[in-house]
Amino acid sequence: MTQPTVSTRMPSRATALGILQRYGVYIAIVLLLVYNLFFTPNFFAIDNFRTQFVQVVPVLIVALGMALVIGTEGIDLSVGAVMALAASTIPLYIGYGVVPAVLIAIFVGAVIGAFNGIMIALIGVQPIVATLAVMVAGRGLALLIANEQLKSVTDPGVLALGRDNIAGVPYSVIIAVVLVAAVALLVNKTTFGKQLIAVGGSRRASELAGLPVKRILLLTYVLAAGLAAVAGVIGTARLGASVPSTIGNLIELSAITAVVVGGTPLTGGQVKVLGTVAGALLLQFISATLIKHNVPDAYSQIAQAVIILVAVYIQRGKVSVR
Amino acid sequence: MTTTVDTVANRTEDNRASRERIASVLQSYGAAIVLGLLVIVGSIAFPTFASAGNFANIATQSSFLLIVAAGMTFVILTGGIDLSVGSVFALGGVLAAYGSTYGLAGALLFPLVVCGAIGALQGFLIAYGKMAPFIVTLAGLLGVRGLVLASTDGGSTTPLVTDEGVISLGQDSMFGIHWPVVIAVAIIVVGTLLLARTSGGLSILAVGGSESAATLMGLPVARVKFGVYVISGLCAGLAGALNAAYSSSGVPTVGVGLELNAISAVVIGGTLLVGGRGNLIGTVAGVLLLSVIQNLINQVGSLSSSVQAVVSGGFLAVVVIIQTVLSRTQRL
């Protein structure tokens, strides 16, 4: 007698969970914005949103690279150190002009990424230890390059990158949008993107299918580090100073959180670019909301922890279905 | 003809077997060998290095990390990871300082109960909720640090340890060996026996070796996974409490990045991150190696902490590369 009711209820519950799994992060953003519309004075102002977007840019750019790495079933803990290294090289080469200095900073990041990639793809070291070693050594190296000192950057080109805008949209936000579009295209429209997802889905199957697995992995870590270096350049430009001791500290945790909350499973084989953007924005809006309501830092950290757990718990079913 | 082929095949088989044996020994005892070499070189280069006082100093400095890394070893043996230990370490210290108003029992029980409960919560989510250890303990890292800040007015107050008994637990010594060192050694001994001689220990290795095989063998996989996170929480909390007793205060900002040191030490000690293989003796060697490197850099004097970071990071990279290459030889 009870069987029919059970069988009719099951699909609707499944779809509700499915909707939550697929759109949970967007629903959360909308709910948070609605809450702020009613309960937070001055939240819905152009200036506030501009601030929020400018603040989210470094985490977002790092998270894009992290999403690619996580898509291959890897992890990159060295992104913060790469930001520090990029920051520390800018004062060294700023004498040659903005463009060479920025390009060299990104190149240095890419070299570190290549080092990660060689350890992981060619030698077979586990991503978490390989990038942990680079994380520790990289920041030390950045501090040595900078003589353990803060160096202010006065070059007008670099400062413009951090402060100027086009039609009210800051340069850094434009760069982030372009990078989001580029990564989305890379993942969804290119052979490399398909290969990357295949490697994350099953490395063994990809090898058997004749994909250049090692090259794909290597390139993924180079891209992640390159993106982190861009974030380091933008962070430096915004501060008007190269601060290798603090820039990008703990950003790997924020980036991983953004990626996971955005629906990319840690088990690899999927990359949600828009989800990652939404994840980063959600984290930013949450901390902004808590700050605007004068919630102490302690409780906002606890809130973040709970949100990570809830987000991952909701998505947990999806992985086992696959 | 066939006989020569046979002997050649046999010989290559023998070669391979001996090479595998050498690789296996290097992987298990590599850290201890390097540690021995480093101590010899250090003793020759710096007269101040090879003194009983300095060695006792290194032992005391290492004991807190060693206790944390011991718990981490159990977790990594099951193929998991615990990123929350740094925050739990800080919480253990703060709670020990608060608990010390009730004497030694309060200073130990209060942090152990709370940190054990945090480990249990994480273990529950991982073992029974089937969530990824990395994410659960990442949330633990954030959330527990939040608890530390919440219990110290946002980190602005540092609760002091006033009880004489608690302070003497941290600072007094037996035959010149500080109590934290004695406790750390006891934990290593008990843990080693637990791993090698009990069914629980063998279950931990089996779960890490192959979770599906362990399930098919009828081992209580979920209970084993739950257990190791409780052990890790207890170890981190105890280490924090002892550190608070040693420094006679529960500083809310300690332990940031401690999880990285603990993971490094475990990995350098030859425990595989994929689980199923490793031991606590290796972890001891890994912790001592990190401490000796730091101590030697301090002996040089003119070198900064950045140099130390570069050396430790580079060292970790070299070790894991060698380990990976060695374990590949074994698999062939």
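Residues numbered from 1 in each chain as written. Chains lettered and ligands numbered in written order. Predicted model: local features only at pLDDT ≥ 70, side-chain atom pairs only at ≥ 80, totals over all residues. Heavy atoms only, no water.

Caption draft 1: View of the overall build of chain B. Along its length, chain B carries 13 helices and two strands. A compact globule built from 332 residues would reach a C-alpha radius of gyration of about 20 Å, and chain B, at 21 Å, matches this within 12%. In chain B, which comprises 332 residues, the proportion classed as buried is 50%. Of the contacts made within chain B by residues no fewer than 6 positions apart, 77% connect residues no fewer than 24 positions apart. (Helix = DSSP H or I, 4+ residues; strand = E, 2+ residues; numbered from the N terminus. Rg over C-alpha atoms; globule rule 2.2 N^0.38 Å. Buried < 20%, exposed > 50% of the residue type's maximum accessible area, 1.4 Å probe, protein only. Contact = heavy atoms within 4.5 Å.)

Caption draft 2: Here's a closer look at the overall build of chain A. Summing up its helical and strand segments, chain A has 13 helices and four strands in all. Over its C-alpha atoms chain A spans a radius of gyration of 21 Å, differing by no more than 12% from the 20 Å that the globule rule assigns to 322 residues. With respect to the three principal axes, the spread of C-alpha positions in chain A is 80 × 60 × 35 Å. A buried classification covers 51% of the 322 residues belonging to chain A. Partitioning the contacts of chain A with sequence separation of at least 6, the portion at a separation of at least 24 is 77%.

Caption draft 3: A look at the nonpolar core. All names here are of chain A. By size, the foremost hydrophobic cluster in this structure holds 174 residues, and its most contacted members are Ile 61 and Ile 256. At 15 residues, helix α2 (residues 46-71) tops the list of elements feeding residues into this core. Not counting residues within four places of it along the chain, the set of residues in contact with Ile 61 comprises Ala 176, Leu 179, Leu 227, Val 230, Ala 231 and Ile 234. (Core = buried A, V, L, I, M, F, W, Y, C linked by side-chain atoms within 4.5 Å.)

Caption draft 4: Region of the structure containing the packing of helix α4 (residues 98-123) of chain A against helix α10 (residues 213-239) of chain A. Residue and element names in this part refer to chain A. One can describe the packing of α4 onto α10 by two numbers: an axis separation of 7 Å at closest approach and a directional angle of 145°. Viewed along their axes, α4 and α10 form a crossing whose handedness is right-handed. Each residue belonging to the contact of α4 with α10 can be placed in one class, and the counts come to 17 nonpolar, five polar and one charged. (Axes fitted to C-alpha atoms, helices over the stretch in contact; angles between N-to-C directions. Left-handed = near helix turned anticlockwise from the far one by under 90°. Nonpolar A, V, L, I, M, F, W, Y, C, P; charged D, E, K, R; others polar.)

Caption draft 5: Seen up close, the packing of aromatic side chains. Residue and element names in this part refer to chain A. According to the stated counting rule, one finds twelve aromatic pairs over all chains in the structure shown. On the numbers, 5.7 Å between centres and 85° between planes, the contact of Phe 43 with Phe 49 is edge-to-face. Ring pairing ties together the aromatic residues Phe 43, Phe 44, Phe 49, Phe 53 and Phe 285, which thus form one cluster. (Phe/Tyr/Trp six-rings, centres within 6.5 Å; stacked < 30°, edge-to-face > 60°.)

Caption draft 6: A look at the environment of Thr 267 of chain A. All names here are of chain A. Examined against the element boundaries, Thr 267 turns out to sit in the loop between α11 (251-261) and α12 (273-292). On the basis of relative accessibility, which here comes to 39%, the residue Thr 267 falls in the partly exposed class. Along the backbone, Thr 267 and Arg 203 are 64 residues apart, and their C-alpha atoms lie at a distance of 12 Å.

Caption draft 7: The interface of chain A and chain B, seen in detail. Listed per partner, the contact involves 37 residues of chain A and 39 residues of chain B. In total, chain A and chain B occlude about 3100 Å² of area from one another, counting both sides; carbon and sulfur atoms represent 82% of this. Among the residues chain A hides against chain B, the three largest losses belong to Ile 123, Gln 301 and Leu 309 of chain A. Together they make up 16% of the total. Taken together, the connections running from chain A to chain B amount to zero salt bridges. The dominant element in the side of chain A that touches chain B, judged by the number of residues it contributes, is helix α13 (residues 297-321) of chain A, at twelve residues. Partitioned by chemical class, the residues of the side of chain A that touches chain B number 28 nonpolar, six polar and three charged. (Buried area = accessible area lost by both parts, 1.4 Å probe. Salt bridge = Lys/Arg side-chain N within 4 Å of Asp/Glu carboxyl O.)

Caption draft 8: Seen up close, a nonpolar patch on the surface. All names here are of chain A. On the surface, Leu 17, Ile 19, Leu 20, Tyr 23, Tyr 26, Ile 27, Leu 31 and Leu 274 cluster together into a nonpolar patch covering about 740 Å² of accessible area. For the nonpolar patch, the element with the most residues is helix α1 (residues 2-39), which contributes seven residues. Its place among the elements puts Tyr 23 in helix α1. (Patch = residues over 30% accessible without salt bridge, like charges linked within 9 Å, V, L, I, M, F, W, Y side chains within 5 Å. Areas by Shrake-Rupley, 256 points an atom, 1.4 Å probe, with all protein chains shown as cover.)

Caption draft 9: Just the state of the cysteines, in detail. All names here are of chain B. Scanning the model with the defined rule gives zero disulfides over all chains in all. Considering cysteine sulfurs only, Cys 115 is the nearest to Cys 235, which forms no disulfide, with 11 Å between them. Under the relative-accessibility criterion, Cys 235 is labelled buried at 9%. (Disulfide = S-S within 2.5 Å.)

Caption draft 10: Representation of the confidence of the model for chain B within the structure. Chain-level statistics for chain B give a pLDDT mean of 86 and a share of 94% at 70 or above. Note on the complex model: pTM 0.85, ipTM 0.79. (pLDDT = per-residue confidence, 0-100.)

Caption draft 11: Spotlight on the confidence of the model for chain A. Residue and element names in this part refer to chain A. Residues with a pLDDT of 70 or more make up 93% of chain A, whose mean pLDDT is 87. Confidence, expressed as mean pLDDT per element, reaches its minimum in chain A at α1 with 72 and its maximum at α10 with 95. Across residues 1-9 the pLDDT falls below 50, and counting only partners more than four positions away or on other chains, this stretch makes zero contacts in the model.

Caption draft 12: Representation of helix α2 (residues 52-77) of chain B in the model. Residue and element names in this part refer to chain B. At Ser 63, α2 shows its strongest bend, of approximately 40°. Of all the 26 residues making up α2, 19 are buried; the element is thus mostly covered by neighbouring parts of the structure. Positive backbone phi, approximately 85°, marks Gly 79, located one or two places after α2. (Bend = angle between axes of the 7 residues up to and from the residue.)

Caption draft 13: Representation of unusual backbone geometry within the structure. Residue and element names in this part refer to chain A. The residue Glu 73 is not glycine, and still its phi comes out positive at about 70°. The topology assignment puts Glu 73 in the loop between α2 and α3 (79-93). Residue Glu 73 is classed as partly exposed on the basis of its relative accessible area of 48%. Phi is positive for Leu 250, which is not a glycine, with a value near 65°. Here Leu 250 falls in the partly exposed class, since its relative accessible area comes to 49%.

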